[in-house]
Amino acid sequence: MDEEYDVIVLGTGLTECVLSGLLSVEGKKVLHIDRQNFYGGESASLNLSQLYSKFKPSSQKPDNLGGRDRDWCVDLIPKFLMSNGELTNILVHTNVTRYIEFKQIAGSYVYRSGRIAKVPSNEIEAIKSSLMGIFEKRRMKRFLEFIAKYNDDEASTHQGLNLDSNTMNEVYNHFGLETGTKDFIGHAMALWSNDDYLNEVARPTYERIMLYVQSVAKYGKSPYIYPLYGLGELPQGFARLSAIYGGTYMLDTPIDEVLYSEDGSKFAGVKTKEGTARAPIVIADPTYFPEKVKKTGQRVIRAMCIMDHPVANTNELDSLQLIIPQNQIGRKSDIYIAVLSDQHMVVPKGYYLAIVSTIIETDSPHVELEPAFKLLGTRLDTLMGIAELYEPVDDGTADGIYLSKSYDPTSHFESTTDDIKDIYFRVMGKPLVLKKRADGEEEEEALNGLE
Amino acid sequence: MSLPNPATPVKLVLLGEAAVGKSSLVLRFVSNDFQENKEPTIGAAFLTQKCTIGDRTIKYEIWDTAGQERFASLAPMYYRNAQAALVVYDITKPASFIKARHWVKELHEQASKDITIALVGNKYDLVESDEGGEEEDSLRKVSIEEGKSLAAEENLLFFETSAKTSYNVNDVFIGIGSKIPSASSTEAANQQSHVSEGRVDLSGGVNNRGQDACPC
Ligand SMILES: Nc1nc2c(ncn2[C@@H]2O[C@H](COP(=O)(O)OP(=O)(O)OP(=O)(O)O)[C@@H](O)[C@H]2O)c(=O)[nH]1
Ligand SMILES: [Mg+2]
């Protein structure tokens, strides 16, 4: 194959696949390549043998673990979708929802003063919550009412506060909230992973709390949803969207050479075992252009814990998010725990998977995860990996090389969709506007009507 | 007053070498249409078609490969919970028959074990006129016996079809439909029902089946 394309995409991680799908729908001719023989790159879900060969190559996978190999779909990057978040929006508008089924995550928990409790998401839950004393509950209720009623155009709802000039800490203090309460609002609802936000203006925190509250309101149990068979379904779904709109897929295809324009200033194509493919633009994950990315300075440790029981004190829930706010255990960044089970088809019946992650702060990162391990109880096995986070040096407009960022340790996809929209804007020269794609029935009609 | 039986949804995947006529077979089945120089289907690689067999109505959800098979890059998602598969080859192209063997093997590895597979030798119209005539100048390169014996070996349904003349096309889908085990007993269906609780419908409101059936 020696062909011309509008865009070449390297790596089938979520960011790359969403962009591939969106650009194909826009009519771009896309060639999408991955050096590995499976979809998903860093955002894949691995089966048991893939998992062990990646994390414990020297040891055999334990034969006491049940189920077939493919009954295990273990995410490399633990995240959940916010029900009302931007990725959900993109899924709905592109109709990729028809390839993937979603279920709720059954609960959202936070660690406070030595124990864990459900995160209250509205005034009624706040009143019932075991997280606060009676007076604090009332203050929390008033705070949540303020958030819910706040309207930019009605000064009467502002209570004398200005979201664009007051800091979040000032807003908290206006309601007299305790530090522990600030902790769970800022970390378990606004989902900040450190305390920098306290001294910044309140608006972004307000927006994050709104996203949380609206996401819970959508389906009820928690703000999160999760695809059956693991997050690896997401890149596959968008790859399929791209393929349906004419995108070509080549897995298991290493890049032998990157081609540049004559003066060497611009991307021109790639050489692979299948031949030469040319395009003026490439979108790639950081691993394809190591000389064009830099370390963000953050390193993440992730531990996949295989268990045969639910997490204690969570009502035997089949799935949940548990956040340990940094303050509670004397750290600078939070520890996140994502718990899943056979209800999401990611482990065989009877098993539970808890993925623990945090930003590394010391020289013995695995010790940093101890507080989380204590909450989990006995583990059948634990696989750990450390990831360095990268971001592009340039914005790609000069050389046509547009690179995505590494997946950060946040618990959801909002920063990933920011990166997607940002790259889309740089590549297309216009912001992403989501239009509803025709659904199946309309597609049929369109097909019936073909001359 | 009894309500009609709800249609059983059946995910059916298409597999086969490029240009053997996969999309054309679907177009014939879904729209009873054929296009001579068909461009690869864009934007419509997921079609549904109802098919009534006896007292059972099956709603086929048909997954066309949309070009992902060109470099053997189909995603596991494609096979996931597929209850039926058409493995298509072109009876005038021997290479496409070799490829069909490969796809059957792949299905046995990747798909659920009780998947119903039909082996389909397409473009029968190209050999129709010279059937029974001289072997030498026939366009046919894969004999009906070769197809039958592969099907027997692997326990597949077997048909020769023409998307162009519509010969045998409906029979393929009816044949599959009659062989598909009743919904509750299949592996795929079991997996589906065990997790159906707590599902969310992201598109919102589409799943209000009850309302369709409301008599008032
Ligand atoms: N004579 C004849 N031509 C056919 C028949 N079925 C398909 N074709 C033609 O074969 C060509 C390929 O058909 P498609 O349906 O696009 O084949 P496909 O398997 O979907 O191909 P890809 O999508 O590229 O993998 C088109 O030009 C069709 O018109 C048939 O039964 N008889
Ligand atoms: Mg086709």
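Residues numbered from 1 in each chain as written. Chains lettered and ligands numbered in written order. Predicted model: local features only at pLDDT ≥ 70, side-chain atom pairs only at ≥ 80, totals over all residues. Heavy atoms only, no water.

Caption draft 1: Representation of the overall build of chain B. The secondary structure content of chain B amounts to 8 helices and 7 strands. Looking at the 216 residues of chain B, the share that counts as buried comes to 48%. Once local pairs closer than 6 in sequence are excluded, the contacts in chain B between residues at least 24 apart make up 70%. If you sum the accessible surface of chain B, you get close to 10,600 Å²; carbon and sulfur atoms cover 50% of it. (Helix = DSSP H or I, 4+ residues; strand = E, 2+ residues; numbered from the N terminus. Buried < 20%, exposed > 50% of the residue type's maximum accessible area, 1.4 Å probe, protein only. Contact = heavy atoms within 4.5 Å. Areas by Shrake-Rupley, 256 points an atom, 1.4 Å probe, with all protein chains shown as cover.)

Caption draft 2: Geometry of the domain arrangement of chain A. Taken domain by domain, chain A consists of domain 1 (3-47 + 231-292 + 392-446), domain 2 (58-85 + 295-389) and domain 3 (108-219). With centres defined by C-alpha atoms, the gap from domain 1 of chain A to domain 3 of chain A works out at 37 Å. (Domains from an automatic or database assignment.)

Caption draft 3: Main features of the pattern of salt bridges. Residue and element names in this part refer to chain A. If you walk through the whole model with that rule in mind, you get 27 salt bridges over all chains. Where R68 meets D71, a salt bridge forms, and the shortest distance between an N and an O atom there is 3.0 Å. Judged by its relative accessible area of 32%, R68 is partly exposed. According to the relative accessible area criterion, D71 is buried, its value standing at 19%. Residue K349 is joined to D342 by a salt bridge in which the shortest nitrogen-to-oxygen separation is 3.7 Å. (Salt bridge = Lys/Arg side-chain N within 4 Å of Asp/Glu carboxyl O.)

Caption draft 4: Layout of the site of ligand 1. Residue and element names in this part refer to chain B. Surrounding ligand 1, one finds 21 residues, the nearest of these being K22, S24, Q35, E36 and D125. S23 places a polar main-chain atom, nitrogen or oxygen, 2.9 Å from an oxygen atom of ligand 1. Backbone polar atom of K164 to an oxygen atom of ligand 1: 3.3 Å apart, as the coordinates give it. Burial of ligand 1 by the surrounding chains reaches 87%, relative to a free accessible area of 650 Å². (Near = heavy atom within 4 Å. Polar contact = N/O pair within 3.5 Å; in protein donor to acceptor, adjacent residues only side chain to side chain.)

Caption draft 5: Quick peek at the sheet that holds strand β14 (residues 275-278) of chain A. All names here are of chain A. Spatially, the 4 strands line up as an open sheet ordered β1-β14-β13-β12, and their pairing is mixed. Two strands close off the open sheet at either side, each with one partner strand: β1 (3-4) and β12 (257-260). Where strand β13 (residues 267-272) and β14 come together, 4 bridges link them in antiparallel fashion. Along β14, the bridge assignment pairs K271 with T276. (Pairing = 2+ DSSP bridges.)

Caption draft 6: Just helix α12 (residues 414-428) of chain A, in detail. Residues and elements named next belong to chain A. When the terminal C-alpha atoms of α12 are compared, their 21 Å separation across 15 residues agrees well with the 21 Å that a helix rising 1.5 Å per residue should span. Here α12 has its buried residues at E414, T416, T417, D419, I420, I423, Y424, R426, V427 and M428. Buried residues belonging to α12 abut α1 (14-25), β6 (81-82), α3 (86-94), α8 (203-219), β15 (281-284) and β21 (401-403). G429 occupies a position one or two residues after α12 and carries a positive phi of about 70°. (Expected span 1.5 Å × (residues − 1).)

Caption draft 7: Summary view of the sheet that holds strand β7 (residues 199-200) of chain B. An order of β6(A)-β10(A)-β7(A)-β7(B) is seen for the 4 strands of this open sheet, with the pairing classed as antiparallel. Of all strands in the sheet, those with a lone pairing partner are β6 of chain A together with β7 of chain B, marking the two edges. Strand direction decides the pairing type here: β6(A) and strand β10 (residues 224-227) of chain A, joined by 2 bridges, are antiparallel. Paired with L81(A) across the bridge in β10(A) is I225(A).

Caption draft 8: Highlighting the packing of helix α3 (residues 94-110) of chain B against helix α5 (residues 144-154) of chain B. Residue and element names in this part refer to chain B. Look at α3 against α5: their axes get within 12 Å of each other, and the N-to-C directions meet at 10°. Here α5 runs roughly parallel to α3, going by the angle between their axes. Where α3 approaches α5, its residues F97, R101, V104 and H108 are matched on the opposing element by E146, G147, L150, E153 and E154. (Axes fitted to C-alpha atoms, helices over the stretch in contact; angles between N-to-C directions. Parallel < 35°, antiparallel > 145°, perpendicular 65-115°, else oblique.)

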